[in-house]
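Now for the letters of each chain:
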Amino acid sequence: MSAGTGAPLAGGVHGPGHLRALTSVVLDTLESAARARGGPLPAGGPDEVARRTTALAAPVLPEEGIGTEAALADLVRALGEGAADPADPACVAHLHCPPLAVAAAAELAGAALNPSMDSWDQAPAAGVIEELTTAALARLVHPDAAAPDALITSGGTESNLVALLLARERAAPGHLRVVTGANAHHSVHRAAWMLGLPAPTVVACHDGRIDPAALDRTLAGLGGGPVLVVATAGTTDEGRIDPLPEIARIAERYGAELHVDAAYGGPLLFSERLAPRLAGLDRAVSVTFDLHKLGWQPVAAGVLAVADTALLAPLSLRADYLNADDDTEAGLPDLLGRSVRTTRRPDALKMAVTFRALGRRGLSELVEHCVRTAEEFGRAVDARPALRRRPGAIGISTVLFRPVVADEQEAEAGDAVVAEVRRTLLMDGRAVLGRAVAEDGDGRRRLWLKATLLHPAAASADLLPLLDLVTEAAERAAVAAEDGDSPSAPGGTGAPAAERLSP
Ligand SMILES: Cc1ncc(COP(=O)(O)O)c(C=O)c1O
């Protein structure tokens with residue numbers, strides 16, 4: 001049944017019919033918008049994007065509506081023409097993956113039926129799908145544990161927050177200390193702040209990884225009391241994996257617990273060949289593991305795995321309207337204690353669909369593809385005299401490099417050239433590269449361009465034009481720096497779409 005004439009619903013028997021018509025508007029518009037954009041992001045920079053988007057999207061709340069199809073066509077066009085699209089091989093700035101079509105299609109089913117994961121009477125089957133999904137992920141992370149468990153979260157930030165919250169609840173009130181590496185994600189610090197914990201003690205890193213000797217000294221200096229060591233498996237800037245077996249050993253020696261933020265690296269577990277890089281992960285009491293990074297899921301797809309389901313007890317809560325005691329006693333599953341949120345999206349659905357569609361082997365192939373492509377891309381950088389890769393190993397699928405012309409400048413001016421190259425390519429709509437400050441071979445910290453390679457199909461040959469773009473932009477930036485002016489006026493060089501790198 002549909003409600004009125006102007007607002008057909010998505011669910012029920014008739015919903016799919018309405019959706020079929022509307023999704024064809026969405027899909028046609030997405031296709032033409034991608035063609036019109038012609039590259040990884042729109043040319044022209046923020047002002048130009050704001051102008052074009054506003055022209056299509058405003059007023060967002062008119063007195064009289066413009067109609068379903070017109071609104072969808074306008075807004076989806078604005079979104080698509082103005083997107084930074086990670087399906088383009090030149091969109092490699094962040095842990096921002098291109099979602100698989102199968103996962104995006106599953107999202108549509110979730111959106112149509114709108115299960116909310118906070119009570120059984122809103123999500124009868126969705127609750128079971130979530131349970132099956134979290135059980136599979138829990139077993140992947142802690143294969144030898146008697147009763148491992150996992151929660152679905154909105155991403156790494158929430159997973160780290162809940163991990164610190166659970167650790168705080170295990171410790172005597174007011175006593176937990178968090179110790180983490182200088183390479184940790186900012187969400188670890190923010191979680192401590194939100195939970196009223198002392199600021200984490202930061203351990204020095206060597207080559208982007210926690211220095212075990214420094215961790216040992218730090219724990220010795222804390223003189224006992226409950227401590228949560230937070231290590232990282234796949235750092236944001238460099239993709240580096242902390243030495244987990246040594247860290248687990250040191251933490252155990254001091255009676256500290258270990259949480260591993262494997263938001264990026266976790267999916268290496270899908271691959272038998274790459275899983276050994278995460279040796280020691282199963283010794284963590286909790287593990288952050290995202291599937292909207294190296295897992296090709298649309299946002300949000302976060303997971304927090306714990307070694308024992310009993311560790312989740314602090315999250316349990318009674319709210320009579322959602323999980324009354326008598327309902328639970330009568331056998332209605334209690335979902336409320338599975339999150340710090342109340343209303344929650346069925347994010348496990350797209351994960352489950354993807355897992356069943358590809359199987360562990362299929363996921364493993366995608367992960368291995370990204371790692372292999374990064375290694376080939378690294379070698380391609382090494383082969384270019386005009387570019388220099390950050391010395392050392394490639395972290396998972398992240399390659400840091402900079403133009404040699406930047407090294408020919410004073411330290412700060414060199415970094416400014418690197419930053420300018422990134423901005424020029426962004427403004428021109430040619431490439432979305434990231435930036436990271438990381439240690440160079442001489443121990444000094446420098447600014448690098450960052451390519452986070454998460455495209456599950458792009459070959460390294462598809463990425464080579466990126467190196468030409470960087471070289472060319474760097475030469476212009478260096479000349480402009482010598483002339484004392486900025487090479488990238490707002491709006492960039494306005495390269496035509498056809499000159500941009502296409503998939
Ligand atoms: C290592 C690490 N942990 C946590 C996060 C936060 O994840 P999210 O953005 O999904 O909240 C990130 C984000 O990039 C990350 O790189």
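Bear in mind that the values here come from a model prediction, so they are computed numbers and not experimental data.

1. Points about the sheet that holds strand E8 (residues 286-290)
Moving on, step 1. In space, the seven strands of this open sheet follow the order E1-E9-E8-E7-E6-E2-E3, with mixed pairing throughout. Strand pairing shows two members of the sheet lacking a second neighbour, strand E1 (149-153) and strand E3 (201-203), which therefore form its edges. If you compare each strand with its neighbour and ignore which way they point, the axes differ by 20 degrees on average.
Moving on, step 2. Relative to strand E9 (residues 302-306), E1 is paired through five bridges, and the arrangement is antiparallel. Of the residues in E9, the one forming a bridge with Thr153 is Gly302.
Moving on, step 3. Set on the sheet, helix H5 (residues 124-141) makes contact with E1, E8 and E9; between it and E1 the angle comes to about 120 degrees.
Moving on, step 4. The strands touched by helix H9 (residues 244-253) within the sheet are strand E6 (227-232) and strand E7 (257-261), with E6 carrying the most contacts at an inclination of about 175 degrees.

2. Quick notes on the packing of helix H14 (residues 411-427) against helix H15 (residues 460-483)
Moving on, step 1. Packing of H14 against H15 brings their axes to within 9 Å, and their N-to-C directions diverge by 120 degrees. Between H14 and H15, the crossing angle belongs to the class labelled oblique. At the point where H14 passes H15, the crossing takes the right-handed sense. Seen from H14, the contacting residues are Val417, Glu420, Val421, Thr424 and Leu425; seen from H15, they are Leu469, Val470, Ala473, Ala474, Arg476, Ala477, Ala478 and Ala481.
Moving on, step 2. Here the residues of the contact of H14 with H15 sort into 10 nonpolar, one polar and two charged.

3. Notes on the confidence of the model for the protein chain
Moving on, step 1. On average, residues of the protein chain score 95 in pLDDT, and 95% of them reach the 70 mark or higher.
Moving on, step 2. Within the model, pLDDT remains below 50 along residues 487-503, and this stretch shows 41 contacts once partners closer than five positions in the same chain are excluded.

4. As for the domain arrangement of the protein chain
Moving on, step 1. Domains assigned within the protein chain are domain 1 (15-84), domain 2 (116-345) and domain 3 (360-499).
Moving on, step 2. Placing the centre of domain 1 and that of domain 3 at their C-alpha centroids yields a distance of 30 Å.
Moving on, step 3. Taken together, the contact pairs 10 residues of domain 1 with 10 residues of domain 3.
Moving on, step 4. It is Pro40, Leu41 and Gly44 in domain 1 that bury the most area against domain 3; as a group they hold 53% of the surface buried on that side.
Moving on, step 5. On the surface where domain 1 and domain 3 come into contact, there are zero salt bridges.
Moving on, step 6. Here domain 1 and domain 3 share one residue pair in polar contact (both at pLDDT 80 or more) between them.

5. Remarks on the pairing of E7
Moving on, step 1. A large share of E7 lies buried, amounting to four of its five residues.
Moving on, step 2. In the sheet, E6 pairs with E7 via five bridges, with the strands oriented parallel. Each bridged residue has a counterpart across the sheet, and for Ala231 the counterpart in E7 is Val260.
Moving on, step 3. As for the winding sense of the linkage, the β-α-β connection from E6 through H9 to E7 is right-handed.
Moving on, step 4. Relative to E8, E7 is paired through three bridges, and the arrangement is parallel. When the sheet's bridge partners are listed, Asp261 is paired in E8 with Thr288.

6. Looking at a negative patch on the surface
Moving on, step 1. Together, Asp121, Asp320, Asp326, Asp327 and Glu329 make up a region of like negative charge exposed at the surface.
Moving on, step 2. Ranked by residue count, the leading element in the negative patch is helix H11 (residues 325-329), at three residues.
Moving on, step 3. Here Asp326 lies in helix H11.
Moving on, step 4. Judged by its relative accessible area of 52%, Asp326 falls in the exposed class.

7. Side note on the site of the ligand
Moving on, step 1. With respect to spatial proximity, 14 residues lie near the ligand, and among them Thr157, Thr236, Asp261, His292 and Lys293 are the closest.
Moving on, step 2. In this structure, an oxygen atom belonging to the ligand sits 2.6 Å away from a side-chain N or O atom of Thr157.
Moving on, step 3. Interatomic distance of 2.8 Å between a side-chain N/O atom of His292 and an oxygen atom of the ligand.
Moving on, step 4. If the ligand stood free it would expose 390 Å²; the protein chains cover 83% of that surface.
Moving on, step 5. Among the elements that take part in the shell around the ligand, helix H6 (residues 156-170) stands out by supplying three residues, more than any other.
Moving on, step 6. Class assignment of the residues belonging to the shell around the ligand gives a composition of two nonpolar, nine polar and three charged.

8. Side note on the packing of H6 against helix H7 (residues 186-194)
Moving on, step 1. The geometry of H6 relative to H7 is characterised by a closest axis approach of 9 Å and an angle of 45 degrees between their N-to-C directions. Between H6 and H7, the angle falls in the class oblique. Here H6 runs over H7; the crossing is right-handed. Here H6 contributes Gly156, Thr157, Asn160, Leu161 and Leu164 to the contact with H7, which in turn contributes Ser187, Val188, Ala191, Ala192 and Met194.
Moving on, step 2. Of the residues belonging to the contact of H6 with H7, the class tally is six nonpolar, four polar and no charged.

Cut-off values and rules
- Residues numbered from 1 in each chain as written.
- Predicted model: local features only at pLDDT ≥ 70, side-chain atom pairs only at ≥ 80, totals over all residues.
- Heavy atoms only, no water.
- Pairing = 2+ DSSP bridges.
- Helix = DSSP H or I, 4+ residues; strand = E, 2+ residues; numbered from the N terminus.
- Axes fitted to C-alpha atoms, helices over the stretch in contact; angles between N-to-C directions.
- Contact = heavy atoms within 4.5 Å.
- Parallel < 35°, antiparallel > 145°, perpendicular 65-115°, else oblique.
- Left-handed = near helix turned anticlockwise from the far one by under 90°.
- Nonpolar A, V, L, I, M, F, W, Y, C, P; charged D, E, K, R; others polar.
- pLDDT = per-residue confidence, 0-100.
- Domains from an automatic or database assignment.
- Buried area = accessible area lost by both parts, 1.4 Å probe.
- Salt bridge = Lys/Arg side-chain N within 4 Å of Asp/Glu carboxyl O.
- Polar contact = N/O pair within 3.5 Å; in protein donor to acceptor, adjacent residues only side chain to side chain.
- Buried < 20%, exposed > 50% of the residue type's maximum accessible area, 1.4 Å probe, protein only.
- Right-handed = clockwise from strand over helix to strand, strands pointing away.
- Patch = residues over 30% accessible without salt bridge, like charges linked within 9 Å, V, L, I, M, F, W, Y side chains within 5 Å.
- Areas by Shrake-Rupley, 256 points an atom, 1.4 Å probe, with all protein chains shown as cover.
- Lys, Arg positive; Asp, Glu negative; His and termini not counted.
- Charge placed at Lys NZ, Arg CZ, Asp CG, Glu CD.
- Near = heavy atom within 4 Å.

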